[in-house]
Amino acid sequence: MVYRYESDQDAFEEYPEPGSDVAEFDGPPPPAGPSPSRFPAPSLPRPNQLVLPSTQPPPARAEIPLAAPREQVYTSAQPIEQTNRRGGGRLWQVVIGGAAVLVLLALCGLGAAALLSDRDKPQPDTSPTYQPNAVASAPAERQDLDSRDTDQSPLTAREVFPGKELKLAGGQAPYEVLKTHSSGSCAVAATGEVADMLVRLGCNQVVRATLRTPDGDHLVTTGLFNLTDKASAERTRERIRQLLDERQGRFRGLTAGDDTDVLGTAPARVGWQVRGHYLAYALVVRADGAAVKAGDPRIREIMFDVLELHLSKGVLQRRADGGTAGQPTAAPAESSGTQSGDGELPGD
């Protein structure tokens with residue numbers, strides 16, 4: 001409901017009471033019709049009565065009141081004090097604004113507390129952790145086996161003969177490893193001119209082992225000589241046959257107990273081959289000490305197992321690939337540049 005407030009300028013009394021404080025003035029009367037209100041109410045219905053201007057001047061009035069008692073200027077049932085209404089509005093605005101500021105400050109405080117709490121918590125470690133298998137899974141760099149300058153790591157008995165059994169590819173029964181030996185003096189593995197030749201051509205290491213064949217009928221001493229380069233290894237290969245034929249030296253068998261003494265006394269069959277700066281050799285005897293027949297297919301099979309499959313395509317191939325040599329796990333690939341020879345050594 002809309003109330004209309006009329007100012008003091010709209011109020012007048014036709015006949016003021018005696019003693020009232022109403023000023024009198026002379027002059028023309030105000031124009032006919034209602035005076036404009038300070039607080040217009042557009043929503044109030046307008047009167048339907050049409051008022052025509054009078055052709056005669058209004059009668060002169062001796063007295064025009066300028067003010068009326070305050071209680072007579074309100075049309076509402078209850079008086080509404082304008083000053084109190086304005087003051088109340090400002091108070092609510094101050095209260096609401098203050099409350100908004102307090103809420104904003106509280107939110108800022110909560111955000112700062114959350115940040116400090118997160119900073120105090122231990123952060124997860126995002127640094128890369130060390131993985132032992134990471135190096136093993138990385139592709140290894142290939143090595144050139146033609147010289148010790150490019151293949152500087154010395155051989156070890158664990159690298160050449162890592163276990164108690166020598167397992168070959170193809171599901172063959174393993175060879176039994178009876179004894180291993182590594183030395184920086186190549187002369188311990190040979191005698192006579194063969195030993196002297198190895199020393200002259202720069203051999204600085206020999207790694208060997210004594211094996212028993214799966215059927216137990218043969219004993220084998222086999223290993224690798226570490227020479228300076230491929231040229232010195234090839235010269236050694238060419239001279240060995242002549243020295244063996246002239247009986248100017250031989251390879252020594254590595255005994256590994258009483259039942260292996262035949263490695264130093266029984267007639268033996270010897271094979272050798274070159275790969276890079278390494279000379280691989282194998283000495284085979286019968287376990288019963290009997291003479292070895294020339295062209296025995298079983299002897300050739302044993303030499304192929306230990307020289308080609310294990311030493312060349314197993315140990316040296318893994319070294320060339322940049323890895324460590326261990327037991328072969330798959331059929332070795334065919335290698336190039338491998339040369340071999342064989343000879344028969346009489347017993348002492």
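Note that the coordinates shown come from a computational prediction; the quantities given were computed from them, not determined experimentally.

Participant: Give a detailed account of a nonpolar patch on the surface, specifying residues and quantitative values.
Facilitator: On the surface, Val-101, Leu-102 and Leu-105 cluster together into a nonpolar patch covering about 310 Å² of accessible area. For Leu-102, the position within the fold is in helix H1 (residues 82-120). A residue is classified by how much of its surface remains accessible, and Leu-102, at 59% relative accessible area, is exposed.

Participant: An account of the packing of aromatic side chains is requested, with residue identities and associated values reported.
Facilitator: Counted under the stated rule, the structure contains three aromatic pairs. A ring pair is formed by Phe-225 and Phe-251, whose centres lie 5.9 Å apart and whose planes are at 35°; its orientation type is tilted. Highlighted residues: Phe-225 in strand S4 (residues 218-226) and Phe-251 in the loop between helix H5 (230-245) and strand S5 (268-275), separated in sequence by 26 residues. Judged by relative accessible area, Phe-251 falls into the buried class, the value being 0%. Taken together, the ring pairs connect Phe-225, Phe-251 and Tyr-281 into an aromatic cluster.

Participant: Go over the nonpolar core with me, naming the residues and quoting the values.
Facilitator: If you look at the biggest cluster of nonpolar residues, it comprises 29 residues, and the most contacted ones within it are Leu-198, Phe-225, Phe-251 and Leu-279. At the level of secondary structure, the elements contributing two or more residues to this core comprise helix H4 (192-200), S4, H5, S5 and strand S6 (278-286). Apart from the residues lying within four places of it in its own chain, the contact partners of Leu-198 are Cys-186, Ala-190, Cys-203, Phe-225, Thr-236 and Leu-279. Membership of the second largest hydrophobic core comes to 28 residues, among which are Leu-224, Val-292, Ile-302 and Leu-311.

Participant: Please provide a residue-by-residue account of helix H6 (residues 297-320), values included.
Facilitator: Bending of H6 peaks at approximately 35° at the position of Leu-311. Counting buried residues along H6, 17 of its 24 residues qualify, which places the element largely inside the surrounding structure. For H6, the N-terminal capping position is held by Asp-296, with its side-chain oxygen 3.0 Å away from the main-chain nitrogen of Arg-298. In the stretch just after H6, Gly-322 is the one whose phi turns positive, near 95°.

Participant: Tell me about unusual backbone geometry, and name the residues and values.
Facilitator: Of note in this structure, Arg-247 is not a glycine but carries a positive phi near 55°. Tracing the sequence through the fold places Arg-247 in the loop between H5 and S5. The exposed category is assigned to Arg-247, whose relative accessible area is 65%.

What counts, and at which threshold
Along each chain, numbering runs from 1 in the same order as the chain's sequence is written. It should be noted that, the model being predicted, local features are given only for residues of pLDDT at least 70 and side-chain atom pairs only at 80 or more, the latter also being counted only at that level, while totals for whole chains, interfaces and linings use all residues. The side-chain values count all of the structure's non-hydrogen atoms but skip hydrogen atoms and water molecules. Two joining distances apply to patches: 9 Å for like charges and 5 Å for nonpolar side chains (Val, Leu, Ile, Met, Phe, Trp, Tyr), and every residue must have over 30% relative accessible area and no salt bridge. Per-residue accessibility takes into account occlusion by the displayed protein chains alone, with areas from the Shrake-Rupley method and a 1.4 Å probe. By definition, a salt bridge exists where a carboxyl oxygen of Asp or Glu is found within 4 Å of a side-chain nitrogen of Lys or Arg. Put simply, DSSP marks the helices as runs of H or I at least four residues long and the strands as runs of E at least two long, and each gets a number from the N terminus on. Residue burial is assigned from relative accessible area. The probe radius is 1.4 Å, only protein chains are included, and a residue is buried under 20% of its type maximum, exposed over 50%, and partly exposed in between. Note on ring pairs: Phe, Tyr and Trp rings are taken, using the six-membered ring of Trp, and paired if centres are within 6.5 Å. Classes follow the plane angle, with under 30 degrees stacked, over 60 edge-to-face and the rest tilted. Only buried Ala, Val, Leu, Ile, Met, Phe, Trp, Tyr and Cys residues count toward a nonpolar core, and they belong to the same one when joined by side-chain atoms within 4.5 Å. Contacts: residue pairs with any heavy atoms within 4.5 Å of one another. What we call the bend at a residue is the angle made by axes fitted to the seven residues finishing there and the seven residues starting there. Any N or O atom pair separated by 3.5 Å or less is treated as a polar contact, with the protein-specific requirement of one donor-capable and one acceptor-capable atom, and with residues adjacent in sequence counted only for side-chain atom pairs.

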